[in-house]
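Architecture and fold: a report
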Amino acid sequence: MPIQKPWDDEVVQGVQRFVQQKIVGRAQELEADQRYPEEIVSALKELGLFSIAVPQEYGGLELSVPTYARIMEELAAGWTTLSCFLNSHTSASSILARHGTEAQKQKWLPRMATGELRVAIALTEPNGGSDLQAIRSKARKEAGGGYVLNGSKIFITNGARAGAVVVLARTADGKDGISLFMIEKGLPGFTVGANARTLGHRHIDVAELVFQDVKLPAGSLIGQVEGQGLKQMLDALETGRIAMAATAVGLSRSALKAAQDFAMQRVAFGTEIINHQAIQMHLADMATQTMAAQSLVQTAAAVKQSGERADMVCGMAKLFAGETCAKVALDCVRIHGGGGFVSDFPAERYYREAPYFIVTEGTNEIQKLIIAKRMQAGDAEALGL
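On a predicted model such as this, the values are computed, not experimentally measured, just so you know.

What counts and what doesn't
In this convention, every chain numbers its residues from 1, walking through the sequence in written order. Owing to the predicted nature of the model, reporting of local features is limited to residues with pLDDT of at least 70; listing and counting of side-chain atom pairs is limited to 80 or more, with chain, interface and lining totals taken over all residues. Side-chain descriptors were evaluated using all non-hydrogen atoms of the structure, hydrogens and water having been removed beforehand. Pairing between strands is defined by DSSP: at least two bridges between them are needed. We count a stretch as a helix when DSSP gives it H or I for four or more residues in a row; a strand needs E for two or more, and each element gets its number in order from the N terminus. In what follows, salt bridge is the name for a side-chain nitrogen of Lys or Arg lying within 4 Å of a carboxyl oxygen of Asp or Glu. Whether a residue is buried, partly exposed or exposed follows from its accessible area with a 1.4 Å probe, protein chains only, as a fraction of its type maximum: under 20%, in between, or over 50%, in that order. Counting of polar contacts relies on pairs of N or O atoms within 3.5 Å, with two restrictions inside protein: one atom must be capable of donating a hydrogen and the other of accepting it, and residues adjacent in sequence are counted only when both atoms are side-chain atoms. By definition, residues are in contact when any of their heavy atoms lie within 4.5 Å. Only C-alpha atoms enter the line fits that serve as axes; for helices the fit covers just the stretch in contact. Angles between N-to-C directions range over 0 to 180 degrees. Here the word oblique covers every angle except those under 35 degrees (roughly parallel), over 145 (roughly antiparallel) and from 65 to 115 (roughly perpendicular). Under the convention adopted here, Pro, Cys and the residues Ala, Val, Leu, Ile, Met, Phe, Trp and Tyr are nonpolar, Asp, Glu, Lys and Arg are charged, and Gly plus all remaining residues are polar. Here a Phe, Tyr or Trp ring, Trp counted by its six-membered ring, pairs with any other such ring whose centre lies within 6.5 Å, and the pair is stacked when the planes are under 30 degrees apart, edge-to-face when over 60, and tilted otherwise. Distance and angle both matter: a charge sits over a ring if NZ of Lys or CZ of Arg is within 6 Å of the ring centre and within 35 degrees of the ring normal. Residue types Ala, Val, Leu, Ile, Met, Phe, Trp, Tyr and Cys, when buried and joined through side-chain atoms within 4.5 Å, form a set referred to as a nonpolar core. Criterion for a disulfide: a pair of cysteine sulfur atoms within 2.5 Å. Throughout, a crossing is termed right-handed when the near helix is turned clockwise from the far one, and left-handed when it is turned anticlockwise from it by less than a right angle. pLDDT gives the predictor's per-residue confidence on a scale running from 0 to 100. Every helix has an expected span of 1.5 Å times one less than the residues it contains. Each direction from the helix axis to a C-beta atom contributes to the arc, which is the arc of those directions.

Focus: the pairing of strand 3 (residues 147-157)
In the sheet, strand 2 (residues 138-141) pairs with strand 3 via four bridges, with the strands oriented antiparallel. Opposite arginine 140, over in strand 3, you have valine 148 as the bridge partner. Between strand 2 and strand 3, which pair antiparallel in sequence order, lie five residues; one of them, glycine 144, sits at a positive phi of approximately 100 degrees. Bridging between strand 3 and strand 7 (residues 206-216) involves eight bridges; their strand directions are antiparallel. By the bridge assignment for strand 7, lysine 153 is matched with leucine 209.

Here's the deal with the pattern of salt bridges
Scanning the model with the defined rule gives 20 salt bridges in all. Between aspartate 205 and arginine 161 there is a salt bridge, with the nearest N and O atoms lying 3.3 Å from each other. A residue pair is termed long-range when its members are at least 10 positions apart, and aspartate 205 in the loop between strand 6 (190-195) and strand 7 and arginine 161 in the loop between strand 3 and strand 4 (164-170) qualify at 44 residues. One continuous salt-bridge network, built from bridges that share partners, spans Arg98, Asp235, Glu238 and Lys304.

Some words on unusual backbone geometry
A positive phi angle, near 50 degrees, is found at histidine 201, a position not held by glycine. Assignment of secondary structure puts histidine 201 in the loop between strand 6 and strand 7. Of the residues examined, histidine 201 reaches a relative accessible area of 4% and is grouped as buried. Unusually for a residue other than glycine, glutamate 361 sits at a positive phi of about 55 degrees. With respect to the helices and strands, glutamate 361 occurs in the loop between helix 11 (356-359) and helix 12 (364-376). For glutamate 361, a relative accessible area of 17% puts it in the buried group.

Structural notes on the side chain of glutamate 74
Inspection of the secondary structure assignment puts glutamate 74 in helix 4 (residues 65-78). What makes glutamate 74 buried here is its relative accessible area of 15%. A polar contact is formed between the side chain of glutamate 74 and the side chain of arginine 253, at a distance of 3.2 Å. Once residues lying within four places of it in the same chain are set aside, the contact partners of glutamate 74 are Val12, Val15, Gln16, Val19 and Arg253.

Let's talk about the packing of helix 4 against helix 5 (residues 81-99)
Running from N to C, helix 4 and helix 5 cross one another at 155 degrees; their axes reach a closest spacing of 8 Å. The orientation of helix 4 relative to helix 5 falls into the category roughly antiparallel. Facing Tyr68, Met72, Leu75 and Ala76 of helix 4, the residues of helix 5 in contact are Leu82, Ser83, Leu86, Asn87 and Thr90. Among the residues making up the contact of helix 4 with helix 5, the classes are represented as six nonpolar, three polar and no charged.

As for the packing of aromatic side chains
If you walk through the whole model with that rule in mind, you get five aromatic pairs. Measuring from centroid to centroid gives 5.9 Å for tyrosine 36 and phenylalanine 85, while their planes differ by 80 degrees, and the two rings are edge-to-face. Placement of the pair is tyrosine 36 in the loop between helix 2 (27-32) and helix 3 (38-46) and phenylalanine 85 in helix 5, with a sequence separation of 49 residues. Here tyrosine 36 matches phenylalanine 85 in class, with each residue buried. Each ring, one from tyrosine 356 and one from phenylalanine 357, has its centre 5.3 Å from the other, and the planes form 85 degrees; the classification is edge-to-face. Positioned above the aromatic ring of tyrosine 36, the side-chain terminus of arginine 161 is 3.6 Å from the ring centre.

A word on the side chain of asparagine 158
Along the chain, the position of asparagine 158 falls in the loop between strand 3 and strand 4. In contact with asparagine 158, other than residues within four places in its own chain, are Cys84, Phe85, Ser88, Arg118, Ala120, Ile204 and Asp205.

Overview of the nonpolar core
With 68 residues, the main nonpolar core has Phe18, Leu49, Ile71, Leu75, Val297 and Ile335 as its most contacted residues. Looking at this core, the element that brings in the most residues is helix 7 (residues 229-265), giving 14 residues. Core analysis: the second largest hydrophobic core is formed by 27 residues, Val54, Leu96, Leu123 and Ile222 among them.

Quick look at the state of the cysteines
Enumeration according to the criterion identifies zero disulfides in this entry. Cysteine 84 forms no disulfide, and the closest cysteine sulfur to it belongs to cysteine 325, at a distance of 11 Å.

Structural notes on the packing of helix 9 (residues 311-336) against helix 12
The angle between the axes and the distance between the axes are what describe a pair of packed helices. Following both chains from N to C, one finds helix 9 and helix 12 inclined at 145 degrees, their axes separated by 9 Å at the closest point. The crossing of helix 9 and helix 12 is left-handed. For the pair helix 9 and helix 12, the contacting residues are Asp311, Met312, Gly315, Met316, Lys318, Leu319, Gly322 and Glu323 in the first and Asn364, Gln367, Lys368, Ile370, Ile371, Arg374 and Met375 in the second. Partitioning the contact of helix 9 with helix 12 into residue classes produces six nonpolar, four polar and five charged.

Concerning the confidence of the model for the protein
Mean pLDDT for the protein: 93, with 97% of residues reaching 70 or above. Across the protein, the secondary-structure element scoring lowest on mean pLDDT is helix 2, at 89, and the one scoring highest is helix 6 (residues 102-114), at 98.

Quick notes on helix 1 (residues 8-23)
Since one α-helical turn is 3.6 residues long, residues separated by three or four positions face the same way. Counted at 1.5 Å a residue, the expected span for helix 1 with its 16 residues is 22 Å, and the 21 Å between its end C-alpha atoms agrees. Taken as a whole, helix 1 has its buried residues at Asp8, Val11, Val12, Gly14, Val15, Phe18, Val19 and Ile23. Within helix 1, the buried residues cover an arc of 155 degrees as seen down the axis, which keeps them to one side. In this structure, helix 1 carries Glu10, Gln20 and Gln21 as exposed residues pointing more than 90 degrees from its buried face. Residues of helix 1 that are buried make contact with helix 2, helix 3, helix 4 and helix 5. Two residues or fewer past helix 1, glycine 25 is found with a positive phi of approximately 90 degrees.

So, in structure tokens, the structure goes:
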């Protein structure tokens, strides 16, 4: 993603207005509605948010990483589901913009910029999650440059409604034998299985994808060079981790506000409960941790934007923001008391949504291993530690 442009702040302000006008006060209603919020997704398209990572020459906004993080935080402060509509699509856009051939960029990026073509990313398999080198899906090259793909993927966010999928598959043995393919729906043998029932974000389809002797066109291999898929994907995952960390900050902000508002209204033992020290201790911790997470996310975004190695600081941001989100959401329930356990109050929803940010885009345990590995290599000094 490029340096910040003059219109970056304008886009963020437009997102803030959208959230205030269309989402705040409606999130509980939207969450309870069984109908897919097509009008909300259309509004995200009109705002240009499906073009965040698309270069200008292909019709995109081409926003900076820090601006992307701010947008995801503002969307999540209204309703975290909004961010989930965008994250995998933006990662796919980034992969094509950075690693695709010119022909691939011209074919897909303009449609992705408008949201006409929404793209999911398919990594996780039934027998493996965080260990991407253990994937079993295989793409066999055929005469003429095409491939035949066999395998399956599970828990694919937006997998059912996306018009295309970026798929990680094995083209040879070893870690250098993994490649990325861009696959549009409609090919024979490419089927969508059942959606998983999830704890939160229930309007996001989380689908199984099955590939049975799917014949891929010659131009499907991203970059047209085999063995680059793991490197291409890990690059995108760093930005994805920043985005999910920013989303966790947005949820933390909402939970903090809900807890503070409730504490200022709820009366117990003759006074509003915000006057009780036990509640004040919770709120002070919640506010401090949320602000610290927000700062760390922007630090990670700035490092990623600079082009320097960012896996360590991105892991830190995702780890801290995710754990903070879970803690703040739980404290929000504590402050609501029994009311936090029923869906009349948003505290219940925040508590259900928070664990997602611990397990998505690489679990927090994986982030700890990444951080520790970089510390072993002495990289902590580069961050001033």
